[in-house]
Every structure is written in structure tokens, then in C-alpha cells.
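# Structural overview for review
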Amino acid sequence: MIDTFPPFALDASSTIGLPEQTKIGFVGLGRMGTALAANLAARGREVIAYVRHPDRIHKLAALGLTPTTDNADLFDCDVVVSMLPNDDAVLDASFGRTGPGGEGFALGLRRGAIHLSMSTIGTATASHLAREHARHGQGFVAASVFGDPDAAKARQLFIVMAGAPADVERCRVLVGDLAHQTFIVGTDPGHANLIKLLGNMMMATALEMRGDSIALVRKCGLDPKHSPQIGSGTMVGGCAGLHDDSGSYAAGLALPPAFKGLRGALAKAAAAAVPMPSVNAVRDRLIAGIARGNAVLDWTALSLIATQEARIKAAFLPARRKPS
Ligand SMILES: NC(=O)c1ccc[n+]([C@@H]2O[C@H](COP(=O)([O-])OP(=O)(O)OC[C@H]3O[C@@H](n4cnc5c(N)ncnc54)[C@H](OP(=O)(O)O)[C@@H]3O)[C@@H](O)[C@H]2O)c1
């Protein structure tokens, strides 16, 4: 049960929380992470950005970050933000679960510091991380993110937080600096991840229905733009790809992380004995898209997969894109 739901919306102008001179560490400088870290630096915060590849250093420094390839440079940070692709990457980066040279930053992080986890990960992983950090005398706050890299750049994200109240309080201003609106949904970090997984589940299901509708409308010889529901996107807003019929499918959220979100939500639903037949169907569609070599495309490519399944001539199939 989510005991503090409906959530408490934060006032981003609050001055409670970390002082300005707080030293922030950052792990996971990809599309989302780079935008978030750059926004923190633009607010005048010192951000130590850990990357695995030295060729990233120059560009990150130009954004006002302090890049490093040594994760020991994160040890004296007050907060380490992670924005990593999946559960394994967060476990690896924090506690060094697998691989050579894989000492995670949490093993050297000082007591009292906080791991602010912004990645989309499963609820069980979030709970595991909270326990492990507690064992090391550290805090763990989940801050799940709704919005794509453009929204991140523009500070237009919706962020859902959960964790021990004192730790959430210490991260409030930091998170408020990145978000359009922030919500606190409870003290169990896994609950923030659950809300995120359910949001992705609803969006993927809506995209699938849209794809099916477009396939049928096209097979009937109609222009999809003539369908008011499809053309206007009135049913589901906030997803740029819903309004883009160009067929470029430029990745905001690519198919593998979209699949990861559905898998996490379905695991939770199965554990709670809640059947979700339509979501299972969408999950299989995502698998089909990945199997067809479309992993680099945005999840709005669910409509492309529906088109392919309907054997519609590839009038607007996208050119193959390289991964960004
Ligand atoms: N994209 C979206 O629209 C969106 C929206 C909301 C939430 N999210 C979530 O945000 C998270 C990040 O997504 P993204 O799109 O930014 O992914 P991304 O572009 O693939 O970036 C992931 C970054 O993590 C780094 N990384 C991976 N494993 C690492 C490790 N063990 N240690 C250090 N760095 C590591 C990668 O660096 P290397 O170059 O070293 O591999 C890469 O720079 C995901 O959990 C995603 O589900 C994404």
C-alpha cells in the first residue's frame, strides 16, 4: 500500500534542503543524466561527473561539470545521483556487483551521504539498494522521472520521490532544481519506482492502441490524420511522438528501456495476482520490435510494428538510425 498517496506536491521554491555548497556526484551521463547534471551545474552546484570513458571528459567539462574516470572522486560527495540504464547498471555502479575493477562508489562513500537514484528500476532493486545503503550508514532516495531528454533539459520533468523523510527533505531543493513538479509518495523508495513503472505501462499501452488504430485506418485506405482522435492526440498528451507521424521515431525512450518498464510492472502485477492481459500483449509487441532490429527506435515505433504486422506497404518506414 502506498501510505502517503495521494502525493504531496512540492513547492520548488522551498529553501529547505541541501545548502548551495553541497558537493554532488553524478553517475550515468547519458541522454538524461547529462541534461540533469548540466542543469545542476548551471544552478552553481559543484557536480563531479563519473564516466567510464576518457573521451567524454572534454564535452562534460564544457557543460560546467567536473568529470572524472575515477569513481573514488565521488567518495566525499554529500549526494550521488545515479541515472543509469537499468537495475544491473545501478547495482554495478553503486556496490560493484559484477565485472573486473567494479568497486562501486557506495563502498567508499562516507556515512550520512545519500544515493539519489533517478533511474527507472524495479521495486525490488530499489528496496535492496535502500537496505544495502542503510548497512553502510548511507541514505537512499528514489526520484523517478517522467519526461524525455528534451524535458530534462528544459527542467520540465515530473519527479516522484520516496525515501526516509529526513533524506527526502535533504534532496528536495536539488530535485526541485530539475523538475517542473515534484511529488513525494512515501517512505519506501520502491514506491516511487512503482509509480514510474505504472506510468510507462499506461503510456506503452496507449501507444500500442494508437499503432493498432493507425494500421487499421491505413488498411482501410484512409489517411490517419483524418481520424480526430489519432490526429489530435487528445487521448494521451505529453509524449512528443504521439503527434509525429513522420516515421522518424527518434529515440526519446528506446524500445529496450520501454520493455524494461513493462517487465517491472508486470512482475509486480503477477506478484500481487493482478492480471494485465493488454499489457502482456504490448510487452510482446516490444519484444517483436527489438527482435526485428528496431531497438534503437523510440517506443512510438509500436505503431511501426503494428504496421508491419498488418503487412502494410512500408510507405513510412524510417531510415535505419545509428544509436545515439
Ligand atoms: N530517455 C528517456 O526518455 C527517459 C525518460 C525517463 C526515464 N529514463 C530512465 O533514465 C535512465 C537513463 O536513461 P538514458 O536514456 O539517459 O540512458 P542512456 O542514454 O543509455 O545513458 C546511460 C548512461 O549510463 C552510463 N552507464 C551505464 N552503465 C554504467 C556503469 N556501470 N557505470 C557508470 N556509467 C554507466 C552509460 O555510459 P557508457 O557510455 O559508459 O556506457 C551512459 O552514459 C534509464 O533508467 C531510463 O529508463 C529515460
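The structure under discussion appears in the preceding block.
Here goes a summary of the coordinates provided. (Residues numbered from 1 in each chain as written. Predicted model: local features only at pLDDT ≥ 70, side-chain atom pairs only at ≥ 80, totals over all residues. Heavy atoms only, no water.)

## Notes on the overall build of the protein
The number of helices and strands found in the protein is 11 helices and 9 strands. Considering the protein as a whole, with its 324 residues, one finds that 51% of them fall into the buried category. Long-range contacts, defined as pairs at least 24 residues apart, comprise 68% of the intrachain contacts of the protein with a sequence gap of at least 6. A total of about 15000 Å² of accessible surface is found on the protein, and carbon and sulfur atoms cover 58% of it. (Helix = DSSP H or I, 4+ residues; strand = E, 2+ residues; numbered from the N terminus. Buried < 20%, exposed > 50% of the residue type's maximum accessible area, 1.4 Å probe, protein only. Contact = heavy atoms within 4.5 Å. Areas by Shrake-Rupley, 256 points an atom, 1.4 Å probe, with all protein chains shown as cover.)

## Points about the pattern of salt bridges
Here the structure, examined in full by the defined rule, presents 9 salt bridges. Asp78 is the salt-bridge partner of Arg110, the closest N and O atoms lying 2.5 Å from each other. With a gap of 32 residues between them, Arg110 in the loop between helix H3 (87-95) and strand S6 (114-117) and Asp78 in the loop between strand S4 (66-68) and strand S5 (79-82) connect regions that are remote in the sequence. Residues joined in a network through salt bridges with shared partners are Arg43, Arg45 and Asp177. (Salt bridge = Lys/Arg side-chain N within 4 Å of Asp/Glu carboxyl O.)

## Considerations on the site of the ligand
Residues in close proximity to the ligand total 24 residues, the closest being Met32, Arg52, Leu84, Gly252 and Lys260. Note that an oxygen atom of the ligand is positioned 2.8 Å from one of the side-chain N or O atoms of Arg52. Within the contact set of the ligand, an oxygen atom lies 2.7 Å away from a backbone nitrogen or oxygen of Leu84. Relative to its unbound accessible surface of 910 Å², the ligand loses 83% to contact with the protein. When grouped by side-chain class, the residues that make up the shell around the ligand number 11 nonpolar, 7 polar and 6 charged. Here the shell around the ligand gathers at least three residues from each of two domains, domain 1 (3-187) and domain 2 (195-316). (Near = heavy atom within 4 Å. Polar contact = N/O pair within 3.5 Å; in protein donor to acceptor, adjacent residues only side chain to side chain. Nonpolar A, V, L, I, M, F, W, Y, C, P; charged D, E, K, R; others polar. Domains from an automatic or database assignment.)

## Topic: helix H10 (residues 277-291)
Across its 15 residues, H10 extends 21 Å between first and last C-alpha, which sits within 8% of the 21 Å expected from 1.5 Å per residue. Those residues of H10 lying buried are Val279, Val282, Arg285, Leu286 and Gly289. Down the axis of H10, the buried set is contained in an arc of 110 degrees. They therefore lie on one face. Counted as exposed and oriented over 90 degrees from the buried face of H10: Pro277 and Ala291. (Expected span 1.5 Å × (residues − 1). Arc of directions from axis to C-beta.)

## Overview of the packing of helix H7 (residues 189-219) against helix H9 (residues 255-271)
H9 packs onto H7 with a crossing angle of 115 degrees between their chain directions and a minimal axis gap of 8 Å. Relative to H9, the element H7 lies roughly perpendicular. When you trace H7 past H9, the crossing you get is left-handed. Here H7 contributes Leu194, Leu197, Leu198, Asn200, Met201 and Ala204 to the contact with H9, which in turn contributes Gly261, Leu262, Gly264, Ala265 and Lys268. A per-class count over the contact of H7 with H9 returns 7 nonpolar, 3 polar and 1 charged. (Axes fitted to C-alpha atoms, helices over the stretch in contact; angles between N-to-C directions. Parallel < 35°, antiparallel > 145°, perpendicular 65-115°, else oblique. Left-handed = near helix turned anticlockwise from the far one by under 90°.)

## A word on the pairing of strand S8 (residues 157-162)
Most of S8 is tucked away: 5 of the 6 residues are buried. Note: strand S7 (residues 139-146) against S8, 5 bridges, orientation antiparallel. Bridging from a neighbouring strand, Phe146 pairs with Phe158 of S8. Of the pairings in the sheet, the one linking S8 to strand S9 (residues 179-184) comprises 5 bridges and is parallel in character. Bridge pairing links Leu157 to Ala179 in S9. (Pairing = 2+ DSSP bridges.)

## Some remarks on the environment of Asp167
Take Asp167: it is sitting in helix H6 (residues 165-176). Counting along the chain gives 20 residues from Asp167 to Thr187, while the straight-line C-alpha distance between them is 9.7 Å. Beyond its immediate chain neighbours, meaning those up to four positions away, Asp167 contacts Ile114, Gly139, Phe140 and Val141.

## Overview of the packing of aromatic side chains
Considering all chains together, one arrives at 0 aromatic pairs under this definition. Across from the ring centre of Phe146, 4.7 Å away, lies the NZ or CZ of Lys196, which sits over that ring. (Phe/Tyr/Trp six-rings, centres within 6.5 Å; stacked < 30°, edge-to-face > 60°. Lys NZ or Arg CZ within 6 Å of the ring centre and 35° of its normal.)

## Let's talk about unusual backbone geometry
In this model, Arg155 sits at a positive phi of 55 degrees, which is unusual for a non-glycine residue. In this fold, Arg155 is placed in the loop between helix H5 (149-153) and S8. A relative accessible area of 17% means that Arg155 is categorised as buried. Phi is positive for Ala273, which is not a glycine, with a value near 55 degrees. One can find Ala273 in the loop between H9 and H10.

Any link to function would need more than the numbers given here.
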